[in-house]
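Structure at a glance
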Amino acid sequence: MIVLMRSNATTRQISEVIAHIRAQGYDVHLSEGGERTIIGIVGNGSAIHPEQLSMMDGVEDVLKTSHPYKIASRHYHPEDSEIPLGNVVVGSQDLAIIAGPCSVEGRSPMLEIAHMLKEAGATALRGGAFKPRTSPYSFQGLGEEGLKILAEAREQTGLPIVTEVMDAALVPMVCEYADVLQIGARNMQNYALLHAVGESQHTVLLKRGMSSTIEELLMAAEYILSHGNMRVMLCERGIRTFETETRNTFDLNAVVALKQLTHLPVLADPSHATGKWEYVEGVALGAIAAGADGLLIEVHQEPEKAMSDGRQSLRPDHFAALVERVRHLAEVLNRRVPSTTSTHV
Ligand code: PEP
Ligand code: MN
């Protein structure tokens, strides 16, 4: 349930409504952006009577939401949430382009590609230091050493760092180095991890589970939001279908639906969705045209030698061409890809 306060409601009226809700054993979540205060009722308490609430002073309306997610819902927060990331604001007119290799493979290749990506117009740098691999015999990532390399790449380029955290116990360590904590598809419903990143107050990039519904993705986001961390970006990265030509099936519907259902920014990852570099650009442009707020793109200097996901990685020149196309498309959509090359550290 969501309580819409009148635009001229006083602080005292708002406090009385909150006290009433709390007295029934619920928690409240306040949204004070825009013109009015909106109070989300969350948690488990005794039956709450909307009629009683709607009669309280200062209350304009009480909405019963049919969705199980509340704080993530657009009803609760009608304006787009805006999340700063380096020199872009994700969720605004800006498009974010997060790019980098699947895994951090070593200091010099990472630093080299970081400069190339910045030059090409990337707005943030990605790279996995802890890798969730299907096989225990595949490369598992460089761990903290990889995080240190990423931090050095940020120091040299000024680009913020996005990297995956796989375990709740590692959240404090990853927070020391990263600007954005990525929750991978395989961990979308790891509730202990969602809890830990929710408490961290670090920006989170939450990827959709490969067999998760849109509602399950929003419920996973709700876990993070309900711990008071409002800086959550969602990412559609393809879901499992019967199709075998592509690694996954990019769900364009999800981009459109999520933009309507939630105020959280929605990014698209055409690399993991397609699994083939030659399909990445087309899906990337389609996602931006459909309303995505940015992209996550895997790029590698020598994809054939990559330690993970080489088949789907773009070469730097292809990535630069993609950014140019996105820039052109952005113009017709009244969006923009801010330039990063003029930023100094
Ligand atoms: C990744 O971003 O490299 C990754 C492992 O993605 P996902 O969790 O979407 O498979
Ligand atoms: Mn990958």
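Here the structure is a predicted model, which means the values were calculated and not measured.

Here is what the cut-offs are and how they apply
- Residues numbered from 1 in each chain as written.
- Chains lettered and ligands numbered in written order.
- Predicted model: local features only at pLDDT ≥ 70, side-chain atom pairs only at ≥ 80, totals over all residues.
- Heavy atoms only, no water.
- Helix = DSSP H or I, 4+ residues; strand = E, 2+ residues; numbered from the N terminus.
- Rg over C-alpha atoms; globule rule 2.2 N^0.38 Å.
- Buried < 20%, exposed > 50% of the residue type's maximum accessible area, 1.4 Å probe, protein only.
- Areas by Shrake-Rupley, 256 points an atom, 1.4 Å probe, with all protein chains shown as cover.
- Lys, Arg positive; Asp, Glu negative; His and termini not counted.
- Charge placed at Lys NZ, Arg CZ, Asp CG, Glu CD.
- Donors = N, O, S within 2.8 Å, 3.2 Å for Na, K, Ca; no water.
- Near = heavy atom within 4 Å.
- Polar contact = N/O pair within 3.5 Å; in protein donor to acceptor, adjacent residues only side chain to side chain.
- Arc of directions from axis to C-beta.
- Pairing = 2+ DSSP bridges.
- Core = buried A, V, L, I, M, F, W, Y, C linked by side-chain atoms within 4.5 Å.
- Domains from an automatic or database assignment.
- Contact = heavy atoms within 4.5 Å.
- Salt bridge = Lys/Arg side-chain N within 4 Å of Asp/Glu carboxyl O.
- Expected span 1.5 Å × (residues − 1).
- Axes fitted to C-alpha atoms, helices over the stretch in contact; angles between N-to-C directions.
- Left-handed = near helix turned anticlockwise from the far one by under 90°.
- Nonpolar A, V, L, I, M, F, W, Y, C, P; charged D, E, K, R; others polar.

**What about the overall build of the protein chain?**
Assigned secondary structure in the protein chain consists of 11 helices and 14 strands. Its C-alpha radius of gyration of 21 Å places the protein chain within 12% of the 20 Å reference for a compact globule of 345 residues. Its C-alpha atoms put the protein chain at 65 × 45 × 45 Å along the principal axes. Every one of the 345 residues in the protein chain was classed for burial, and the buried ones make up 56%. As presented, the protein chain carries roughly 14,600 Å² of accessible surface, and 50% of it is formed by carbon and sulfur atoms. Separation between the mean location of the 30 positive side-chain charges and that of the 42 negative ones in the protein chain comes to 2 Å.

**Digging into the coordination of the manganese ion (ligand 2)**
The coordination sphere of the manganese ion (ligand 2), as far as protein atoms go, consists of C102 (SG), H272 (NE2), E298 (OE) and D309 (OD), spread over 2.0 to 2.4 Å. Motif for the manganese ion (ligand 2), donor spacing along one chain: C-x169-H-x25-E-x10-D. Of this pair, E298 sits in strand β14 (residues 294-298) while D309 is found in the loop between β14 and α11 (316-332), placing the two residues 11 residues apart along the sequence. The exposure classification of E298 matches that of D309, with both residues buried.

**Some thoughts on the site of ligand 1**
Residues in contact with ligand 1, as listed here, are C102, R126, K131, E164, Q182, G184, A185, R186, K207, R237, H272 and E298. For ligand 1, an oxygen atom lies 2.7 Å from a polar atom in the side chain of R126. At 3.1 Å from an oxygen atom of ligand 1 is found a side-chain nitrogen or oxygen belonging to H272. Alone, ligand 1 offers 290 Å² of accessible surface; in the complex the protein occludes 98% of this.

**So, helix α8 (residues 252-261)**
The set of residues buried in α8 consists of A254, V255, L258 and K259. The buried residues of α8 occupy an angular sector of 130° when projected down its axis, which confines them to one face. Along α8, the residues that are exposed and aim more than 90 degrees away from the buried face are N253 and Q260. For α8, the N-terminal cap is D251; the gap from its side-chain oxygen to the backbone nitrogen of N253 is 3.2 Å.

**Observations regarding the pairing of β14**
Of all 5 residues in β14, 5 are buried; the element is thus mostly enclosed. Alternating residues of β14 divide into G294, L296 and E298 and L295 and I297, and every residue in both groups is buried. With 5 bridges connecting them, strand β7 (residues 96-100) and β14 associate as parallel partners. Bridging across to β14, I98 finds its partner in L296. When strand β13 (residues 266-268) meets β14, the two strands line up parallel, connected through 2 bridges.

**Section: the nonpolar core**
Grouped together as the largest cluster of nonpolar side chains are 78 residues, with contacts concentrated most on V197, L206, L234, I297, F319 and V326. Among the elements that line this core, the one with the most residues is helix α7 (residues 214-226), at 7 residues. When residues of this core are assigned to domains, at least three fall in each of domain 1 (2-63) and domain 2 (83-332). With residues near it in sequence (within four places) discarded, F319 still touches I97, A99, L117, A120, A122, I297, V299 and L314. By size, the runner-up hydrophobic cluster in this structure holds 16 residues, among which are V3, V17, I18 and I48.

**Looking at the pattern of salt bridges**
For the coordinates displayed, the defined rule picks out 20 salt bridges. A salt bridge links R12 to E16, with the nearest nitrogen and oxygen atoms 3.2 Å apart. A residue pair is termed a helical-turn pair when its members lie 3 or 4 positions apart in one helix, as R12 and E16 do in helix α1 (residues 11-23) at 4 residues. Between R247 and D309 there is a salt bridge, and its shortest N-O distance comes to 3.0 Å. Here the residue R247 occupies a position in the loop between β12 (232-236) and α8, and D309 occupies one in the loop between β14 and α11, the gap between them amounting to 62 residues. Given a relative accessible area of 39%, R247 falls into the partly exposed group. Several salt bridges share partner residues, and in doing so they unite R74, D80, K259, D293 and R335 into one network.

**Notes on α1**
Over its 13 residues, α1 extends 18 Å from the first C-alpha to the last, a length consistent with the 18 Å expected when each residue adds 1.5 Å. Here α1 has its buried residues at I14, V17, I18, H20 and I21. All buried residues of α1 project into a common sector of 160° when viewed along the axis, lining one side. Exposed and facing more than 90 degrees away from the buried side of α1 are T11, R12 and A23. Here the buried face of α1 lies against β1 (2-5), β2 (27-31), β3 (38-42), α2 (50-54) and β4 (59-63).

**What about the packing of helix α3 (residues 107-120) against helix α4 (residues 144-157)?**
Orientation of α3 relative to α4, taken along the N-to-C sense of each, is 35°, at an axis distance of 9 Å. Crossing of α3 against α4: the hand is right-handed. Here R107, M110, L111, A114, H115 and K118 of α3 lie close against α4, whose contacting residues are I149, L150, E152, A153, Q156 and T157. In terms of residue class, the contact of α3 with α4 is made up of 6 nonpolar, 3 polar and 3 charged.

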